[in-house]
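Examining the three-dimensional arrangement
Below, each chain spelled out in residue letters.
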Amino acid sequence: MELTKTAKAVKPPKPAKPSRLSLSQKQAIKGLLFISPFVVGFMIFYLRSLVMTIQFSFSDIEVIDGGYSSTFVGFKHYIHALAEHASFKQDLVTSIMDMVVDVVLIIFFSLFMAILLNQKFRGRTLSRAVFFLPVILNSQAINTAITMARQMMMGGMSPVSADVAEAAAVGTVNVMYYVYMFSDLGLPIGLLDYVIGAVTRINSIITASGVQLIIFIAALQSIPPSLYEVAKIEGATPYETFWKVTFPMVSPLIVTNVVYSFVDSFINSSVVNLSYETIFRNLNFALGSVFSLLSMLVVCLLLFITVSIISKRTFYYN
Amino acid sequence: MKSNSLTAKIKNMRSDTRLANEGRRVLRQSKNLLFVIFRTAIIIGLSYVILGPLIGILANSFFSNADKYSPVVYLIPQEPTLERYRLAIIRMDFWNTLLRMLAYVASLTLIQIFICSLVGYGFARFKFPLKKLFFACVIIMIVIPSHSVMLPIYMTFQNFNPLGIVGAVNNIRANGGLSGLSLSSLFSGGGGINLLGTPIPMYIMTLLGCGLRAGLYIYIFNQFFRGLPKEIEEAAAIDGAGTIYTYFRIMLPNAMPSIITVTIFSIVWQYNDTFFANLFMISPDIVLSKSIASLQTNVQFLDRIFDPSISVLYVYAGIILVITPIMVLYVLLQKWFIEGVERSGIVG
């Protein structure tokens, strides 16, 4: 008891009036100054926009001279979007389904290709450059022309489904032939659908996985070689090495890539297109805002679930 | 006799092991060979999927009318012509547009690098209240694409009036002076200026750290600066360098890998961006990817080439023209690029 009392008494008195800011306060001010452009921008362009979008979605908007007038109508537009609109629900569901399927395929494909392209062989730089090409050429006009050119290269047919025809024309094999063959073998139709979908989608998968591929290659490069040496000395087979060394070391980047792929395929999805059309073609601001908000909510929810599932299994080296 | 049989046995065993080793070696070699064949096949095949249409576009852009309809011509034209390029260059006003585009993209990229590195550095090195919240904002910006909030952004720039200042200036100008304007009518809100149709909105957004995928760049810079040793700055501070000096002269030069990564991403995405270009209605005189979209219509109606399979050849020539600059740039920078990604902190 005695000791604590004296200890309290000994404690140095605070300066009565701090004439200057303390070091940590200075640091805080400097830090805030450094990030201030972003904070201001975020407030103006994101936070305000988000609030406005929510506000729009609950009101009827009328464009008047030099601005707009809005009247509060409650959930009218939400009900319209979910119960009456012809294509929103369908678009949303197909977009989400496509997204999920695509993201899984993109992650597998880019990891696989990264492992291949990370090995030493002649022409490695060139092939890496080729696989990054789709990112460079990823503009709407160019994509449209490339799709046309692809069909032209495949023989200029006018197929029912361009995707299937593309895949079919690659080696002049008939995809449907294999579908019938495998379904005759008794494989479940759902699985077949998925595999065929994956095969026919190979173009869009390759096109969408340029950035992820680069990130995975970078991750593979950053694995310390000593781990592989240890695995070799301990007598691990390549298969074991992959699952015990490569995969865990790359796994933090899987989260990054999943997030990136989700956002990327969301931007190009039909539901975003629908809300763009609704706002700027049909000038139905309120309904467009509802579409944006609902799709954004669904995607964020999906992202949250996926990321929390994956990051539980992620291995962090440090 | 006995020793003889023993040596024979040992000889036998030796040759056995040698044989076994030989067998294992052959097996391993053939396994490797199979793997190399497999790998080469996959890489070449998938490369073809990517390059195939490009080869087609390139070849077709040299086709003359006769080649296009000749059944024997597949990729190599019999009478190659540069006519497609000539007309595409005229109709797109290619050289001027390219110059404007390059200036636009380069200036935006410089601003992106400057602002995003600044913000990333701020997040990486300073402690301040609400830091976690602000960083969550960066993540939100990555996850929520600007597509979800496009309408308010559009409206902001349609009637651009930050804090009523622009409106006030306009009101003063309209009134011919300050006299006779009460303070309330000065800041009455109306009378902002319409910035749509110009690239100014893009510059404003980029300057405020909200440009095209700025969240990602901030994240990259933040990760990289966090990985640099703190001792560098401590040494600089002891030697008497201020924060600004330390940042520009010591931290930025050290961040070269991140800068190269961000430069490539920013140039490529900005060059190909059509979303913001359409949202802000930036004129096709500046944005090449927009001018190529209208090329076919232009050629059809201005030059009376109505045959779609001929007029599309001009689009192919246009595409080759548009992608050449960015390809050249990528080939020049790509050596540093992948290394840059490796060291830039995306990987953590």
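Worth saying up front: this structure is predicted, and the values here are computed from it rather than measured.

1. Some words on the overall build of chain A
In terms of regular secondary structure, chain A is built from 15 helices and two strands. Buried residues in chain A amount to 31% of all 318 residues. Of the contacts made within chain A by residues no fewer than 6 positions apart, 68% connect residues no fewer than 24 positions apart.

2. Focus: the domain arrangement of chain B
If you check the domain split of chain B, you get domain 1 (2-60) and domain 2 (84-159 + 194-343). Distance from the C-alpha centre of domain 1 of chain B to the C-alpha centre of domain 2 of chain B: 46 Å.

3. As for the interface of chain B and chain A
Contacts between the two partners involve 65 residues from chain B and, on the opposite side, 73 residues from chain A. Looking at the side of chain B that touches chain A, the elements with two or more residues in it are helix H1 (2-60), helix H4 (94-125), helix H5 (131-143), helix H6 (150-158), helix H9 (200-207), helix H13 (256-272), helix H15 (288-293) and helix H17 (308-343) of chain B. Here the residues of the side of chain B that touches chain A sort into 47 nonpolar, 15 polar and three charged.

4. Quick word on helix H12 (residues 243-254) of chain B
With 12 residues, H12 of chain B should reach 16 Å at 1.5 Å per residue; the first-to-last C-alpha distance of 15 Å fits that figure. For H12 of chain B, every residue scored as buried is listed here: Thr243, Thr246, Tyr247 and Met251 of chain B. Down the axis of H12 of chain B, the buried side of the element spans an arc of 95°, and every buried residue falls inside it. In H12 of chain B, the exposed positions angled more than 90 degrees off the buried face are occupied by Ile244, Phe248, Arg249 and Pro253 of chain B. In this structure, the buried side of H12 of chain B is in contact with helix H2 (23-57) of chain A together with H4, helix H10 (214-227) and helix H11 (231-238) of chain B.

5. Describing unusual backbone geometry
Residue and element names in this part refer to chain B. The backbone of Arg213 shows a phi angle near 55°, a positive value even though the residue is not glycine. On the secondary structure map, Arg213 appears in the loop between H9 and H10. Unusually for a residue other than glycine, Met281 sits at a positive phi of about 50°. Positionally, Met281 belongs in the loop between helix H14 (275-279) and H15. Overall, Met281 belongs to the partly exposed group, with 16 C-beta atoms counted inside 10 Å.

6. Remarks on the packing of H4 of chain B against H10 of chain B
Packed helices, taken two at a time, are described by the angle between their axes plus the distance between the axes. Residues and elements named next belong to chain B. One way to put it is that H4 packs onto H10 with a least axis distance of 7 Å and a crossing angle of 50°. As judged from the angle between their axes, H4 and H10 are oblique. The two elements H4 and H10 cross, and the hand of that crossing is right-handed. Residue-level contacts link Gln112, Cys116, Ser117, Val119, Gly120, Tyr121, Phe123, Ala124 and Arg125 of H4 to Ala214, Tyr217, Ile218, Phe221, Asn222, Phe225 and Arg226 of H10.

7. Side note on the packing of H2 of chain A against H5 of chain B
Contact geometry for H2 of chain A and H5 of chain B: axes closest at 11 Å, N-to-C directions at 55°. With respect to H5 of chain B, the element H2 of chain A is oriented oblique. Remark: the crossing between H2 of chain A and H5 of chain B carries left-handed chirality. Of the residues in H5 of chain B, those in contact with Ile35, Val39, Phe42 and Tyr46 of chain A of H2 of chain A are Phe134, Cys137 and Met141 of chain B. A breakdown of the residues in the contact of H2 of chain A with H5 of chain B according to their chemical character gives seven nonpolar, no polar and no charged.

Definitions and cut-offs
- Residues numbered from 1 in each chain as written.
- Chains lettered and ligands numbered in written order.
- Predicted model: local features only at pLDDT ≥ 70, side-chain atom pairs only at ≥ 80, totals over all residues.
- Helix = DSSP H or I, 4+ residues; strand = E, 2+ residues; numbered from the N terminus.
- Buried ≥ 20, exposed ≤ 12 C-beta atoms within 10 Å, placed from the backbone.
- Contact = placed C-beta atoms within 7 Å.
- Domains from an automatic or database assignment.
- Nonpolar A, V, L, I, M, F, W, Y, C, P; charged D, E, K, R; others polar.
- Expected span 1.5 Å × (residues − 1).
- Arc of directions from axis to C-beta.
- Axes fitted to C-alpha atoms, helices over the stretch in contact; angles between N-to-C directions.
- Parallel < 35°, antiparallel > 145°, perpendicular 65-115°, else oblique.
- Left-handed = near helix turned anticlockwise from the far one by under 90°.

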